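For reference, the chains in residue letters:
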Amino acid sequence: MASGKTCGSPGQPAFEVAGPHGLSPRARWLRDYYFKGNERAWNNEFSPFTTGTPCDRVWHEGDYYIVPEMYAYMGEKDKGPFPKSLELMAEPVPLPEGFWQWSIPERRAWFFREVMVNRIPQEIVSDNDLIAGGRFNTQLSKCLDEKQQAVFEKENLQNRKAILHFHFDGFGNAGAAGGHIIPDYKLVVEKGFKWLHEKAKVAYDALPDEDKRGPKGAELRAMLTSSELPRELAGRYAAECRRLARETASGERKAELGQMAANLDRVPWEPARTFWEGMQAVWLAHMLVIAEESYPGPGTSFGRLDQYLWPLYEQDVIVKKVITREFAKDLFSAFMFHCNTAYDAQIKVGNQGITSGFGQLVTLAGMGPGGEDVTNDLTYLILEVFDEWAPILEPKPNVRLHRGSPEKLLDTVVAMVSRAQGAPFILNFDERSIAGMLAEGVPASDAWDYACVGCLENTMQGNDRSGTVNCNPNLARSVELTLWRGRSMPGARPGKREKAQLGPDTGDPAAFGSWDGFFSAFLQQLKHVIERTVSVYNMTEEFRSRWLPTPYVSLLVDGMIEGGKDVREAPPRYGFVTIEGVGFATMVDSLLAIKRFVYDEKRYTIDQVKAALQANYQGQKEHAIMQALFKNKAPKYGNDDKDADAIAKAVMRVWADETRKHEAPTGYAFRPGMLSWNYWAGNDAALTPATPDGRAAGTFLSNAICPTNGADVAGPTAVANSVGTALGGKDDEGNHVNVLPNGASHTITFNPAILRDPEHKEKFKSYIRGYVENGGSALQINMLDAAMLKDAQLHPQNYGSLLVRVTGYNAYFTAIGKELQDEIIARESHAL
């Protein structure tokens, strides 16, 4: 539905807001029921469980080190509202004899199984549900004995101190978070957990006796326990389906429940034989990943669902016609309903607990092994359901496009964009993305089959964990450190550490005498930002590997059974930690302003620039003039300007090369990316003083790989070209180069008026084709009218369903803070 001005009336929005359309009665009921939120009779709120020991810990703060807004809730010595309330709410679980003699992985595997099978009720949410698997938001005991817990607490406080110093010193945030993985759901569908169980048993039986008594034996025994959990849980749900079937008066519902029970008798233990079984197997396996990590969904993604479920869909819907296409859509609607209940974790907090920080991605379409397009009818069906349900948050679709993408897919993409307001999906571009996977060492035989996690981050499926949001340094900090010889700007962060030597002393910048001297010092500081990020992060990585194993998740990652290792302890076939740069354009534009006005034109000295920055461009007329010149007359990244983009590309290359030099203590390698989540508009921005691009203290940094707001004045094609150049451009043979294997988040805003006639829709398709050739790895498109957003600020009660693309994720506009709202309104709205 297009956004257009209406007459408006009391209690009604003055602008038309996109809404759901064409839903089946079942899908409509499920969607309406979900949005009843706290009024629902059923919800998936956090369920905490404890061993009952006085020292037990239920909530783990380390999962939230990458969310600085949570720091205030941790409390002194972990006695803040989050840990304390969960401790008080937690249900004690009686423990078996000998429990405390087991290894930590074995304790955690048993405890997890006991909770999911015998403590959390198995419920079928409603008479409209077709997929079993309701409650999965858990907070589970860490299962440590008294001695272990004492060491855990000591190390946890050391980690917290390092994380808080890192953040409040203006460097950003870092921490070993959960989620952000694509488990091997394809294997679950095609082979089942029985196959994994037998594989783990063979691996265990092959161990020498000494290894059976050691860590490998303990991990494999924990995996064996974990591998039987899905079968036991499916059996409980099957029994519940049969109970409900006996009680219902509806013959149609009795048949549905009977089939659900039959499905659960088979999957996910055995291979799926039907599309319905396949959907059920994926969901049950997925919800258990979320439950074991006690982390409600962020980044835990499904991979190329339209590819590994296609044989079952084709068989049932197209060849044998045992179910209709409409029923298949209802199955996916039930699947979507359950995905969205991840937000029930904090349902009583308001707005259903939705923060939009989750990202259960479904990757669709794209290339096959020979470069051929693999879009199929299941691709289109899934997109249809997303379109009909919109606005909705989960799962998040990522559509892979490439040179050979069919016109029908592009027409579908443009039609969905034209009806939406916030981007209905992220577009990932295969040529650029695959080049990035090749750059990190993934062979061409695998790289074509990449998929996305979290927001847009490129990883492999079932054999990869790439920690895609674990490190988020503030790149603008490197410019500040260069100007003040490795220290903070005086007065920028008052306190005990204000005068601390935080980076290398690269000398007095006033004495450099040339741009090359300044740039060399800057690169040293940039390297230090990376080194400091790695150092702080590695503390949390080592801590998690020792205390918080996840044997169930490890089962679903290729290579972990063979090595007898937990996925948190050692890398699978492809194991990385991603360092996501924040404020790239702020950093680059600051360098461009210094180069132009200090070294090229010699209008200002370094000391004059520093004085203006310390004054936040206030107090003197010359400061205001300098700010205006830096903002409006310096070259800016994002305009296809050869000189500006050359510096962007040079800085990006150093960023990427230096990141790859580092390794975590677990053996995971670091890799580069550009994704700012909401840091650029929140905590990082607030802690960053004035910068030489003309930005005032405390105001927004630039977003991921995007140009600075208002700087991209040469149009959307110029922006795309700059983004592609920064990522590496093309080599001499015309092949795409990508120095960021993770990918880079590029959000662009258009006015909805550009897609109101067929001619402009064709132009928009051409823009997308051009982006395939010259743009970045991922694109998010907002179709927004600034006037509508301003009205939503004034009358939020009228715009509760207004969805906007923030960066790698969508959010309800009225649920985000005013600072972020203002940033979205301020974005340049492009025409074609």
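Given the structure is predicted, the values throughout are model-derived calculations rather than measurements.

**Student:** With reference to specific residues and values, describe the overall build of the protein chain.
**Tutor:** The number of helices and strands found in the protein chain is 31 helices and 18 strands. At 26 Å, the protein chain has a C-alpha radius of gyration in line with the 28 Å of a compact globule built from 832 residues. Seen through its principal axes, the protein chain has C-alpha atoms that stretch 85 × 65 × 60 Å. Across the 832 residues of the protein chain, 64% fall into the buried class. For the protein chain, the share of sequence-separated contacts (at least 6 apart) that also reach a separation of at least 24 residues comes to 77%. Looking at the protein chain as shown, the accessible area adds up to about 28,300 Å², and 52% of this sits on carbon and sulfur atoms. Side chains of the protein chain give 91 positive and 105 negative charges; the mean places of these two sets differ by 2 Å.

**Student:** Describe in detail the packing of helix H9 (residues 215–247) against helix H10 (residues 251–266), supporting the description with residues and values.
**Tutor:** Where H9 contacts H10, the axes come no closer than 8 Å and their chain directions differ by 165°. One way to sum up the angle between H9 and H10 is to call them roughly antiparallel. The interaxial crossing formed by H9 with H10 has left-handed handedness. Here H9 contributes Ala234, Tyr237, Ala238, Cys241, Arg242, Leu244, Ala245 and Arg246 to the contact with H10, which in turn contributes Lys254, Leu257, Met260, Ala261, Ala262, Leu264 and Asp265. The residue makeup of the contact of H9 with H10, split by class, is 11 nonpolar, no polar and four charged.

**Student:** Let's hear about helix H28 (residues 716–727): which residues, and what values?
**Tutor:** In this model H28 runs 17 Å from its N-terminal to its C-terminal C-alpha over 12 residues, within 8% of the 16 Å that 1.5 Å per residue would give. Of all the 12 residues making up H28, 10 are buried; the element is thus mostly covered by neighbouring parts of the structure. The complete set of buried residues in H28 reads Pro716, Ala718, Val719, Ala720, Asn721, Ser722, Val723, Gly724, Ala726 and Leu727. Of the residues trailing H28, Gly728 is marked for its positive phi of about 135°.

**Student:** Describe the pattern of salt bridges, and please don't skip the residues or the numbers.
**Tutor:** This structure, assessed with the given rule, holds 61 salt bridges. Glu773 is the partner of Arg403 in a salt bridge, and the nearest nitrogen-oxygen pair spans 2.6 Å. Taken together, the positions of Arg403 in the loop between strand S6 (396–401) and helix H16 (407–419) and Glu773 in helix H29 (residues 758–774) put the pair 370 residues apart, joining distant regions of the chain. Residue classification places Glu773 among the partly exposed residues on the basis of a relative accessible area of 24%.

**Student:** Can you break down the pairing of strand S5 (residues 361–365) residue by residue, with the values?
**Tutor:** With five of five residues buried, S5 is to be regarded as a mostly interior element. Pairing analysis gives five bridges linking S5 to S6, with the strands arranged parallel. Residue pairing in the sheet places Leu364 in a bridge with Val399 of S6. Regarding topology, helix H15 (residues 377–389) serves as the crossover connection from S5 to the parallel S6, and that connection is right-handed.

**Student:** Account for the nonpolar core, naming residues and giving values.
**Tutor:** One recurring pattern in soluble globular proteins: nonpolar side chains tend to sit buried together. Membership of the largest hydrophobic core comes to 246 residues, with the highest contact counts inside it found for Phe275, Phe584, Met652, Ile705 and Phe764. When residues in this core are grouped by element, the largest group, 13 residues, is from helix H11 (residues 275–293). Not counting residues up to four positions away in its chain, the partners in contact with Phe275 are Leu309, Leu312, Tyr313, Asp316, Ile323, Ala328, Leu331 and Leu378. With 11 residues, the next largest nonpolar core counts Ile434, Met437, Ala447 and Phe576 among its residues.

**Student:** Before we move on, can you summarise unusual backbone geometry with the specific residues and values?
**Tutor:** A cis amide bond, omega 5°, links Val267 with the succeeding residue Pro268. Along the chain, Pro268 turns up in the loop between H10 and H11. Cis geometry is adopted by the peptide bond preceding Pro391, which originates at Ala390 and carries an omega value of 0°. The topology assignment puts Pro391 in the loop between H15 and S6. You will see that His180, though not glycine, has its phi angle at about 50°, which is positive. On the secondary structure map, His180 appears in the loop between strand S4 (172–174) and helix H6 (185–190). On the accessibility criterion, His180 (8% relative accessible area) is buried.

**Student:** Talk me through the packing of aromatic side chains; I want residue IDs and the actual numbers.
**Tutor:** Tallied over the full model, the rule gives 43 aromatic pairs. Relative to Phe543, the ring of Phe152 lies with its centre 4.7 Å away and its plane at 55°, an arrangement referred to as tilted. Taken together, the residues span a long stretch of sequence, with Phe152 in helix H5 (residues 146–168) and Phe543 in helix H20 (residues 515–547) at a distance of 391 residues. The same class applies to Phe152 as to Phe543, namely buried. Judged by centre distance (6.0 Å) and plane angle (40°), the ring pair of Tyr185 and Phe302 falls under tilted.

**Student:** So what about the sheet that holds strand S2 (residues 91–92)? Which residues, and what values?
**Tutor:** Taken in spatial order, the three strands line up as S2-S1-S3 in an open sheet, and their pairing is parallel. Of all the strands in the sheet, the pair left with one neighbour each is S2 and strand S3 (138–140).

**Student:** Run through the side chain of Asn43, naming residues and quoting values.
**Tutor:** Relative to the assigned elements, Asn43 resides in the loop between helix H1 (25–34) and strand S1 (47–50). A distance of 2.8 Å separates the side chain of Asn43 from the backbone nitrogen of Glu45, its partner in a polar contact. Sequence-distant contacts of Asn43, that is, excluding residues within four places in its chain, are made with Arg135, Asp344 and Ile347.

**Student:** Outline the side chain of Gln461, supporting the account with residue identities and numerical values.
**Tutor:** Topologically, Gln461 is positioned in the loop between strand S9 (457–459) and strand S10 (464–465). Judged by its relative accessible area of 19%, Gln461 falls in the buried class. A polar side-chain atom of Gln461 sits 2.9 Å from the main-chain amide nitrogen of Arg304. Leave out the neighbours within four places in its chain, and Gln461 touches Ile182, Gly303, Arg304, Asp449, Tyr450 and Ala451.

**Student:** How would you explain the pairing of S1 if you had to name every residue and give the values?
**Tutor:** Of the two faces of S1, the one carrying Ser47 and Phe49 and the one carrying Pro48 and Thr50 are both buried. Pairing between S1 and S3: three bridges, direction parallel. Across the sheet, residue Pro48 finds its bridge partner in S3, namely Gln139. Inspection of the sheet shows S1 paired to S2 by two bridges, in the parallel sense. Following the sheet pairing, Thr50 is matched in S2 by Pro92.

**Student:** Pulling in residues and values, what's your account of the confidence of the model for the protein chain?
**Tutor:** Averaged over the protein chain, the pLDDT score is 93; the fraction of residues at 70 or greater is 95%. For the stretch residues 1–9, pLDDT sits under 50, and the model shows 27 contacts to residues farther than four places along the chain or on other chains.

Calculation criteria
Residues numbered from 1 in each chain as written. Predicted model: local features only at pLDDT ≥ 70, side-chain atom pairs only at ≥ 80, totals over all residues. Heavy atoms only, no water. Helix = DSSP H or I, 4+ residues; strand = E, 2+ residues; numbered from the N terminus. Rg over C-alpha atoms; globule rule 2.2 N^0.38 Å. Buried < 20%, exposed > 50% of the residue type's maximum accessible area, 1.4 Å probe, protein only. Contact = heavy atoms within 4.5 Å. Areas by Shrake-Rupley, 256 points an atom, 1.4 Å probe, with all protein chains shown as cover. Lys, Arg positive; Asp, Glu negative; His and termini not counted. Charge placed at Lys NZ, Arg CZ, Asp CG, Glu CD. Axes fitted to C-alpha atoms, helices over the stretch in contact; angles between N-to-C directions. Parallel < 35°, antiparallel > 145°, perpendicular 65-115°, else oblique. Left-handed = near helix turned anticlockwise from the far one by under 90°. Nonpolar A, V, L, I, M, F, W, Y, C, P; charged D, E, K, R; others polar. Expected span 1.5 Å × (residues − 1). Salt bridge = Lys/Arg side-chain N within 4 Å of Asp/Glu carboxyl O. Pairing = 2+ DSSP bridges. Right-handed = clockwise from strand over helix to strand, strands pointing away. Core = buried A, V, L, I, M, F, W, Y, C linked by side-chain atoms within 4.5 Å. Phe/Tyr/Trp six-rings, centres within 6.5 Å; stacked < 30°, edge-to-face > 60°. Polar contact = N/O pair within 3.5 Å; in protein donor to acceptor, adjacent residues only side chain to side chain. pLDDT = per-residue confidence, 0-100.

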